Amino acid sequence: MKKLFTYICMVAMISVTIGHHSLFAAESSIVADNYTLNVKYNDTSKPGDAVFVRLAFLQTTGQMKKNKFKFADTTATLELYLDEKRLDKADFYVLQQDSSAGKTIFLAGIPLSSWWNSKNNYSLKIVYNLPNNNSSSVTLPFALEYKEFVSETIPLDSRNTSIKTDTSSKRMQQINKLNAILGTINADHVYQTTAYIPPTPATRRTSFFADRRVYKYTDGNSSTSLHYGTDYGIPTGSTVKACASGRVVMAEDRISTGWSVVIEHLPGLYSLYYHMSELKVTEGDFVEPGTLIGLSGATGLATGPHLHWEMRLNMAAVNPDYFTTNFTCADEQ
């Protein structure tokens, strides 16, 4: 593998703020003999969020005359490093391809653990293999900002204690089924790349993403865990709507999460909706942003009526608020 030492230009830095959430987008251009590579990504994020990188391979008319290869067979991987240690990686997938115009756009995202500390010695590496079998790489700066998470203790009644400590084969089968779905990456399932919307207009939140929780059981024992989503305190029967376009890949009653819906939006990216009282979709349905998918409730492990909204990227839970930003660094319409 050779490292790309062509001209790299840091073009712009844009800060977009939505509510209390900021997304910093950096743009770079890499000019080679036969192509230009434009890179857009959020170069600053917070623990529990994600980092997405958009690649655009471009060939001018002159470049296409010099080298006729197309980008159809190009592959690329995004890698996240802390110093010299690789923390994670993800394959890029195609968003748009126009061979006649010599243009292909790729996207990849990596979840950022809520346990990681704010540091500025992180970096991103893009490794790509062109159709002429040449492998190149480019390294980009990246940093994590500080974020403080809430800690809470939740006493459970006998019903919820029974659910939380359930080790039955039925519950294990449900867990394994969900994990198999969340671990599926369909490279051609690209449904929405613009900002997502919250599943409810309610603003009252009873729990937040990545809360550090201690569950107190009726028998005196306890367990600790992270809260993987955001809880909205809304009455039973409130409407729950899809946060983005996608395909319903699960719609069923589960021991832990009650009436639940899972929607696939991008390769490896899913939204989850828990504890509903009624479902309005079935597996296989296609939904748009704002499609009614169910009514809120308190089914499964719940201490009261609420909606649990969760986002999973490559199986890892990611702050749902992150996806209400321009997380794919798409061009403004």
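Numbering of residues starts from 1 in every chain and runs along the sequence as written. Totals for whole chains, interfaces and linings use every residue, but because this is a predicted model, local features are given only for residues with pLDDT of at least 70 and side-chain atom pairs only at 80 or more, for both listing and counting. With hydrogens and water excluded, all non-hydrogen atoms of the structure serve as input to the side-chain values.

Asker: Explain the pairing of strand S3 (residues 36–45) here, please?
Answerer: Regular strands have side chains that alternate between both faces of the sheet. Type-normalised accessible area, obtained with a 1.4 Å probe on protein chains alone, sets the label of each residue: buried when under 20%, exposed when over 50%, and partly exposed for intermediate values. Numbering goes from the N terminus for both helices and strands, where a helix is a DSSP run of H or I of at least four residues and a strand is a run of E of at least two. For S3, the buried fraction is high: eight of the ten residues fall into the buried class. Sheet topology places S3 next to strand S4 (residues 50–58); six bridges connect them, and they run antiparallel. Within S4, the residue paired with Lys40 across the bridge is Arg54. Strand pairing follows a simple DSSP-based rule, namely that at least 2 bridges must link the two strands. Between S3 and S4, which pair antiparallel and follow one another directly, the connecting turn spans four residues, one of which, Gly48, has a positive phi of 95 degrees. Of the strand pairs in this sheet, S3 and strand S10 (residues 135–144) are connected by two bridges, and their pairing is parallel. Its bridge partner lying in S10, Thr44 is registered against Ala143.

Asker: Please clarify how the side chain of Thr104 should be interpreted in this entry.
Answerer: For Thr104, the position within the fold is in strand S8 (residues 103–111). Here Gln97 takes part through its side chain, which lies 3.4 Å from a polar atom of the side chain of Thr104. It only takes one pair of heavy atoms within 4.5 Å for two residues to be counted as in contact. Residue contacts for Thr104: discarding those within four places in its chain leaves Leu55, Ala56, Phe57, Phe71, Val94, Gln96 and Gln97. Polar contacts here mean pairs of N or O atoms no more than 3.5 Å apart (in protein, one a potential hydrogen donor and the other a potential acceptor; neighbouring residues in sequence count only if both atoms are side-chain atoms).

Asker: Got a minute to help me understand the confidence of the model for the protein chain in this structure?
Answerer: A low pLDDT means the predicted coordinates there should not be read in detail. pLDDT gives the predictor's per-residue confidence on a scale running from 0 to 100. Averaged over every residue, the pLDDT of the protein chain is 89; the share at 70 or more is 89%. Predicted confidence is poor over residues 1–22, with pLDDT under 50, and the contacts of this stretch with residues over four places away or in other chains come to 52 contacts.

Asker: What's the story with the packing of aromatic side chains in this structure? I'm lost.
Answerer: Here a Phe, Tyr or Trp ring, Trp counted by its six-membered ring, pairs with any other such ring whose centre lies within 6.5 Å, and the pair is stacked when the planes are under 30 degrees apart, edge-to-face when over 60, and tilted otherwise. The full count for this structure, using the stated rule, is 14 aromatic pairs. Ring centres of Phe57 and Tyr128 lie 5.3 Å apart, and the angle between their planes is 70 degrees; on these two criteria the pair is classed as edge-to-face. Of the two residues, Phe57 sits in strand S4 while Tyr128 sits in strand S9 (residues 122–129), which places them 71 residues apart along the sequence. With respect to burial, Phe57 and Tyr128 carry one shared label: buried.

Asker: Hey, could you run me through unusual backbone geometry in this one?
Answerer: A negative phi angle is the norm for most residues apart from glycine, just as the trans form is the norm for most peptide bonds. Not every positive phi belongs to a glycine, and Asp83 is a case in point at roughly 55 degrees. Counting through the fold element by element, Asp83 comes out in the loop between strand S5 (75–82) and strand S6 (85–91). The exposure class assigned to Asp83 is partly exposed, which follows from its relative accessible area of 48%. Phi at Ala210 is positive, roughly 65 degrees, even though this residue is not glycine. With respect to the element layout, Ala210 can be found in the loop between strand S12 (205–207) and strand S13 (212–216). On the basis of relative accessible area, Ala210 is assigned to the buried category, the value being 1%.

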